[in-house]
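Here is what each chain is made of, one letter per residue.
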Amino acid sequence: MEQLYLIFLIVILSTILFLTTIFLYKKNPKMSIVPIISTATLTIIIFVFALSADGWDGLIFAILGALIGVATILSSIALLIYHIIKKNQNN
């Protein structure tokens, strides 16, 4: 049952990130990459914290980093698909 909560959390995080990138994409397509780069940087920082932590704190940081990393990857894929669809509609 706990796996369902993690999957639900990943879906929520990636949806929020995707909606943010779509909002920025409509304003300026070049700015839509900023949230993805920032969350990827955040994931790397959290994994560094996981490696340097003692005890159970490292596991918590690793799980949090993995969740944010998966959400970033899913949102990047969704943004790429959205960009390809928009590009084909303009042609």
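Heads up: the structure comes first, above all this text.
Residues numbered from 1 in each chain as written. Predicted model: local features only at pLDDT ≥ 70, side-chain atom pairs only at ≥ 80, totals over all residues. Heavy atoms only, no water.

Student: Please give an account of the environment of A71 that cites residues and values.
Tutor: Looking at the element boundaries, A71 is found in helix α3 (residues 56-90). By relative accessible area, A71 is classed as buried at 3%. Sequence spacing of A71 and T15 is 56 residues, and the spatial spacing of their C-alpha atoms is 8.1 Å. When sequence neighbours within four positions are dropped, the list of residues in contact with A71 reads I10, L13, S14 and L17. (Helix = DSSP H or I, 4+ residues; strand = E, 2+ residues; numbered from the N terminus. Buried < 20%, exposed > 50% of the residue type's maximum accessible area, 1.4 Å probe, protein only. Contact = heavy atoms within 4.5 Å.)

Student: Hey, could you go over the nonpolar core for me, with residue numbers and the actual values?
Tutor: Listed in full, the 5 residues of the largest apolar core are I22, Y25, I36, L79 and Y82. Contributing elements (two or more residues each) for this core: α1 (2-27) and α3. Non-local contacts of Y82, meaning those with residues more than four positions away in its chain, are made with F18, I22, Y25 and K26. (Core = buried A, V, L, I, M, F, W, Y, C linked by side-chain atoms within 4.5 Å.)

Remember, this is a structural readout, not a statement about activity or role.
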